[in-house]
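Understanding the architecture of this molecule
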Amino acid sequence: MIIVMKVGSPQEEINRITTELSSWGLTPEKIIGQHKVVIALIGETADLDPPRIQELSPWIEQVLRVEVPYKRASRQFRHGEASEVVVNTPQGDVVFGEHHPLVVVAGPCSVENEEMIVETALRVKAAGARFLRGGAYKPRTSPYAFQGHGESALELLATARKVSGLGIITEVMDTEDLEKIGQVADVIQVGARNMQNFSMLKKVGAQPKPVLLKRGMAATIEDWLMAAEYILAAGNPHVILCERGIRTFDRQYTRNTLDLSVVPVLRKLTHLPIMIDPSHGVGWSEFVPAMARAAIAAGTDALMIEVHPNPAKALSDGPQSLTPNAFDQLMSELAVIGQAVRRWPNQKS
């Protein structure tokens, strides 16, 4: 249930209402929007009578029930306003959100060695990326496939961050690694295979770093939003949703089916920022540019693109990785569409 306060509501009145509601055994959460303040009521609200709440103050404009099960992730929770995820990087704050410039994240599937990760970081930064992605711990279908270098790879990511100034996004596979990953990563990624690892979601939600939540390979949109709800309910409001393709019946020509329809659907359902990962979505580098261009046209807030200096020798996901030169070319193409939809960095709105 949410309480929408009238424009200009006195802070003293808002505080009085939240104190009163707390005495009812509820947990009020203030959400300060661009024009209005919304008070979200967390707890047993099924038997509450909206007119009774309305009588608490003449400054209450509206009392609404949030009917969907993903309460905090719901667009209603913020009275229709989009949220922003602000990430502090060595080069300053970067904002993910629908009213901000597109954010590009790029880098290899796995961190292999210092020369490779630093070279890639410098190249993608020069092309316009704001974050470096790279796996230290890699979930792989086969137990015999390369699983990442682990803690030593985190040290290499820290080096790349220092040299390039890029923010770092890397994946957590085990809650035991969460603290040391948080010391290096600016954004912690929960991968598709762990999207419904609820104990992990609770732990990730209890720490302060922003979280990139990838859609599970067979997850419905509601499954995905409910997974985000676990993180939000644990206290972390800084969640970005990442579509990376789902499993369908045809795997001969693409690795997954990239569901670009999630962009307008999520925009209607949730206030959370949206990222598209075309590399995992299609699985072949030749198809990545078309899907990246389409994602910007559809309205995504961010892109994640795999880049490797020598894809043929990559230890993981080489076939879907662009070379740095191909990434340079793609970024120039994306700029045309990004400017057309007024989402390209350094462009006046």
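The notes below deal with the structure included here. Because the structure is a prediction, the values reported are computed rather than measured.

**As for unusual backbone geometry**
Even without glycine at this site, D317 takes up a positive phi of about 55°. Of note, D317 is situated in the loop between β14 (302-306) and α11 (324-340). Positive phi values are uncommon outside glycine, yet R342 reaches one of about 60°. Along the polypeptide, R342 turns up in the segment after α11. Here R342 falls in the partly exposed class, since its relative accessible area comes to 49%.

**Section: the sheet that holds β14**
Overall, parallel pairing links the 8 strands, which are arranged β7-β8-β9-β10-β11-β12-β13-β14 in a closed barrel. When strand polarity is set aside, the average angle formed by the axes of neighbouring strands in this sheet is 25°. Sheet topology note: the strand β12 (residues 239-243)/strand β13 (residues 274-276) ladder contains 3 bridges and is parallel. Within β13, the position partnered with C242 by the bridge is M275. Strands β13 and β14 of the sheet are contacted by helix α10 (residues 288-298), whose axis makes an angle of about 170° with β14.

**Notes on the nonpolar core**
Of all hydrophobic cores here, the largest spans 68 residues; its most connected members are I117, L213, L241, L303, I305, F327 and L334. Examining the composition of this core, we find that 7 residues originate from one element, helix α7 (residues 221-233), more than from any other. The contacts of L213, once residues within four sequence positions are left out, are V190, M195, L201, W224, A227, A228, I231, V239, I240, L241 and C242.

**Some thoughts on the packing of helix α3 (residues 114-127) against helix α4 (residues 151-164)**
Here α3 crosses α4 at 35°, and the two axes come no closer than 9 Å. The crossing of α3 and α4 is right-handed. Across the interface between the two elements, E114, I117, V118, A121, L122 and K125 from α3 touch L156, L157, T159, A160, V163 and S164 from α4. Taken together, the residues of the contact of α3 with α4 sort by class into 8 nonpolar, 2 polar and 2 charged.

**Some thoughts on helix α1 (residues 11-22)**
Between its terminal C-alpha atoms α1 stretches 16 Å, which fits the 16 Å expected from 12 residues at 1.5 Å a residue. The set of residues buried in α1 consists of E13, I14, I17, T18 and L21. One face of α1 carries all of its buried residues, which in axial projection span an arc of 135°. Seen from the open side of α1, the exposed residues pointing more than 90 degrees away from its buried face are E12 and T19.

**A short note on the sheet that holds strand β3 (residues 37-42)**
The strand order β2-β3-β1-β4 describes an open sheet built from 4 strands, whose pairing is antiparallel. Each edge of the open sheet carries a strand with a single partner, namely β2 (27-32) and β4 (60-64). Here the average twist between neighbouring strands, direction ignored, is 20°. In this structure, strand β1 (residues 2-5) lies alongside β3, joined through 3 bridges in antiparallel fashion. Among the inter-strand pairings, I3 is bridged to a residue of β3, identified as I39. Packing of α1 onto the sheet brings it into contact with β1, β2, β3 and β4, and relative to β2 it is tilted by some 155°.

**A word on the pairing of strand β11 (residues 211-214)**
Side chains V211 and L213 of β11 all project onto a buried face; the interleaved residues L212 and K214 project onto the opposite face, where all are buried too. With 3 bridges joining them, strand β10 (residues 187-190) and β11 adopt parallel strand pairing. The residue of β11 that forms the bridge with V190 is L213. Crossover handedness for the path β11 to α7 to β12: right-handed.

Criteria and cut-off values
- Counting of residues starts from 1 at the beginning of each chain's written sequence and follows it residue by residue.
- With pLDDT at 70 or above as the cut-off, local features in this predicted model cover only qualifying residues; side-chain atom pairs require 80 or more to be listed or tallied, and sums for whole chains, interfaces and linings still use all residues.
- As a rule here, side-chain values come from all non-hydrogen atoms in the structure, and water together with hydrogens is ignored.
- In this text, helices come from DSSP runs of H or I with a minimum length of four residues, and strands from runs of E with a minimum of two, each type numbered from the N-terminal end.
- To sort residues, take the accessible area from a 1.4 Å probe on protein chains only and compare it with the maximum for the residue type: under 20% means buried, over 50% means exposed, and anything in between is partly exposed.
- Whether two strands pair comes down to DSSP finding at least two bridges between them.
- For helices, the axis comes from a line fit to the C-alpha atoms of the stretch in contact; other axes are also lines fit to C-alpha atoms, and the angle between any two N-to-C directions lies between 0 and 180 degrees.
- Residue contacts are defined here by distance: any two heavy atoms, one from each residue, within 4.5 Å place the two residues in contact.
- As used in this record, nonpolar core signifies buried Ala, Val, Leu, Ile, Met, Phe, Trp, Tyr and Cys residues forming a set joined through side-chain atoms within 4.5 Å.
- Two helices cross in a left-handed way if the nearer one is turned anticlockwise from the farther one by less than a right angle. They cross in a right-handed way if the turn is clockwise.
- Here the term charged refers only to Asp, Glu, Lys and Arg, the term nonpolar to Ala, Val, Leu, Ile, Met, Phe, Trp, Tyr, Cys and Pro, and the term polar to all other amino acids, Gly among them.
- What a helix is expected to span follows from its residue count: subtract one and scale by 1.5 Å.
- The directions from the helix axis to the C-beta atoms are what the arc is built from.
- A clockwise course of the path from the first strand over the helix to the second, judged with the strands pointing away from the viewer, identifies a crossover as right-handed.

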